[in-house]
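Residue-level structure breakdown
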Amino acid sequence: MSESSGDGGKWLDAHYDPVAGLYTFSSCVDLADLSGDGESRLVVGDLGSGSSGMKLKVYRGTALMSESTLLDLPAGLVAFFMDLHEPRIPAVAVASGPCVYVYKNLRPYFKFTLPGLEVNSLEQDVWQQVREGQIDPLTLKEMLEGIRKKADIPLSVRSLRFLSLETSDMDEFVQLHKQQPIRRQTVITCIGTLKKSTADEDGVSCLVIGTESSDVYVLDPEAFIILSKMSLPAAPTMMDVTGQFDVEFRVTVACRNGNIYILRRESDKPKYCIELLSHPVGLVRVGKNVVVGCTDESLQGFTQKGKKLWRTILPAPITTMAAMDLPTRGFQAVLVGLANCEVQLYRDKNLLSTIKTPDVVTSICFGRYGREDGTLIMTTKGGGLIVKILKRTAAFDDRDSAPGPPLAQSVRLNVPKKTKLYVDQTLRERENGLAMHRAFQMDLSRLRLAAAKAYVKALESSLTPMSSSLTEPLKMNAVVQGLGPSFKLTLNVQNTAACRPVMNLAISFLYDESLYRMRNPYMRIPLLVPGLIYPVETFVECTSDKGISDIIKVFILHEGKSSPLLTAHINMPVSEGLTLN
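Residues numbered from 1 in each chain as written. Predicted model: local features only at pLDDT ≥ 70, side-chain atom pairs only at ≥ 80, totals over all residues. Heavy atoms only, no water.

- Under an unreviewed UniProt entry, the name given to the protein is BBSome complex member BBS1, and the organism recorded is Lates japonicus.

The structure is reproduced here in structure tokens:
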């Protein structure tokens, strides 16, 4: 086991077999404890050459443990618990053609076949006439082509195959099949699992299958009967299922028309629709959000109701996607396989890690393998098998390096529900809106009038610490120091004029003589140069021992004028010296 390079040292290279001969996709790979000994196995639906060699393979560690032949190409594979028997060993369901093959203890256990579809009545009548010898093969071809163009119900596979034949082969085909009844059968396109009644990890699960006929079925895990049937506008290609069948569930389905539909328990039609600009190639649920990879080399995030959260551009086309869930660390992210021989790890739109691979990855599976929780298993286009283990010390930094709005902007606020008081208040505002508006405007006007009067009075009587005179623009602030009974009072006076000095000024204090005594209640101020701050200091002595304080008013006066240039009110502190005595 060696440390992996090109990924920041977060992964260990556990195994790499370039000639494993595994040709599969992420939908046909799963991890499950098939023996009940606490060690998870790798279960793979191998596509073989595409026309032969399809097998169900089970790996333990780095060795092939068993393999079983499949009759048709697998469309999906899931491991699920179908009963409550001990020991708790999951079964494996393989979707192939129109059937679901269930394996228990790695042996064939049950075969479920999709119900047949409705056959076109006109097509049945035409083949009935062929059976009775009333029409020849050429007339049959013309009639079937007319039915295919006009009828709402599609033709059966037999009729479509007949229309694709050359004229010389038609007679032989008709003689071989005319006595057999017409059947129209759909096939499975995707498969998933849905917990029945509990969210436990080993809880009993239902099978959820999507079909070429644009239907989604929920199957009972024991009797394998159809519990629910839902319809879609187009054939599904990928699905993600969450919730419990007996409580509430959501089925997120990517369809062949380029849209994503969300099905819920109470409806047999889609509840929400997400319209994409390009076709989806990957669908993964992370928490309450859905992450979609598209053919335009983009990765997009949506809410459960279809609201778009973010979008990021990838460096290459997407080949496969899978979820990375580490419950022990509370970590959830998305693994994206790219056509440039890279696997990138994203949390929301933030790139956390990049893994270089020797070949293009076609399937990804992350989970517990053997006794190791953080195991990443990948298969390549050339049939190779790659196994990597996440280091226990690995830490992912998800700082948003992309330009744009901050990550916190996309976090949904936890808005509380409307209370009865809020509803009553809303009704009252609707009924008395005009009167409330008039009262508000009247109070606002009165407030503005009172503020204007107070402002004018302050300007006229110079009750502000800044002078309103243009000839003597002054500013003053006061600082009181000391605990008492003696306080030091410092007045900082500044001339705010641009270039004109101010002279012939004096400072006068007004205070309660029964509480305070000042050494200099009247002082002259020297010439004030513009821009400089002049400190004027004096001492105040508190003569009362009752522990009370009062306001001292400060006036800056100009010789020959009766009104002050500015006024300041100083809130004196309580004398702590007399209190202690």
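From this point, the narrative continues.
Brief notes about helix α4 (residues 167–177)
- Looking only at α4, the buried set comprises M170, F173, V174 and H177. Summarising the axial view, the buried residues of α4 lie within an arc of 100°, below the 170-degree limit, and thus occupy one face. Opposite the packed face of α4, turned more than 90 degrees from it, sit the exposed residues S168, E172, Q175 and L176.
- Structurally, α4 contributes buried residues whose contacts are with α1 (121–131), α2 (137–150) and α3 (157–163). (Buried < 20%, exposed > 50% of the residue type's maximum accessible area, 1.4 Å probe, protein only. Helix = DSSP H or I, 4+ residues; strand = E, 2+ residues; numbered from the N terminus. Arc of directions from axis to C-beta. Contact = heavy atoms within 4.5 Å.)

Details of the packing of α2 against α4
- Between α2 and α4, the shortest axis-to-axis distance is 9 Å and the interhelical angle comes to 95°. The orientation of α2 relative to α4 falls into the category roughly perpendicular. Contacts between α2 and α4 pair P137, L138, L140 and K141 from the former with T167, M170, D171 and V174 from the latter.
- Grouping the amino acids of the contact of α2 with α4 by side-chain chemistry returns five nonpolar, one polar and two charged. (Axes fitted to C-alpha atoms, helices over the stretch in contact; angles between N-to-C directions. Parallel < 35°, antiparallel > 145°, perpendicular 65-115°, else oblique. Nonpolar A, V, L, I, M, F, W, Y, C, P; charged D, E, K, R; others polar.)

Topic: the sheet that holds strand β20 (residues 289–294)
- An order of β19-β20-β21-β22 is seen for the four strands of this open sheet, with the pairing classed as antiparallel. Two strands lie at the open edges of the sheet, namely β19 (280–286) and β22 (308–313), each paired on one side alone. If you compare each strand with its neighbour and ignore which way they point, the axes differ by 15° on average.
- Of the strand pairs in this sheet, strand β21 (residues 298–302) and β22 are connected by five bridges, and their pairing is antiparallel. Its bridge partner being in β22, S298 is matched across the sheet by I313. (Pairing = 2+ DSSP bridges.)

So, a nonpolar patch on the surface
- A surface patch of nonpolar side chains, about 330 Å² in accessible area, is lined by M503, L527, V529 and L532.
- For L527, the position within the fold is in the loop between β34 (522–525) and β35 (533–542). (Patch = residues over 30% accessible without salt bridge, like charges linked within 9 Å, V, L, I, M, F, W, Y side chains within 5 Å. Areas by Shrake-Rupley, 256 points an atom, 1.4 Å probe, with all protein chains shown as cover. Salt bridge = Lys/Arg side-chain N within 4 Å of Asp/Glu carboxyl O.)

Remarks on the sheet that holds strand β33 (residues 516–518)
- One open sheet accounts for four strands, arranged β30-β31-β35-β33; its pairing is antiparallel. The strands lining the two open edges of the sheet, one partner per strand, are β30 (474–481) and β33. Neighbour to neighbour, the strand axes of the sheet diverge by 30° on average, direction disregarded.
- Pairing of β33 with β35 involves three bridges; the strand directions are antiparallel. Bridge pairing in β35 places Y516 opposite C542.

Remarks on the environment of I209
- Mapped onto the elements of the fold, I209 is located in strand β12 (residues 205–211).
- Each C-alpha atom, one on I209 and one on F249, is 15 Å from the other, the two residues being 40 residues apart in sequence.
- Apart from the residues lying within four places of it in its own chain, the contact partners of I209 are V100, F112, L114, I188, C190, I191, D215, V216, Y217, L219 and M239.

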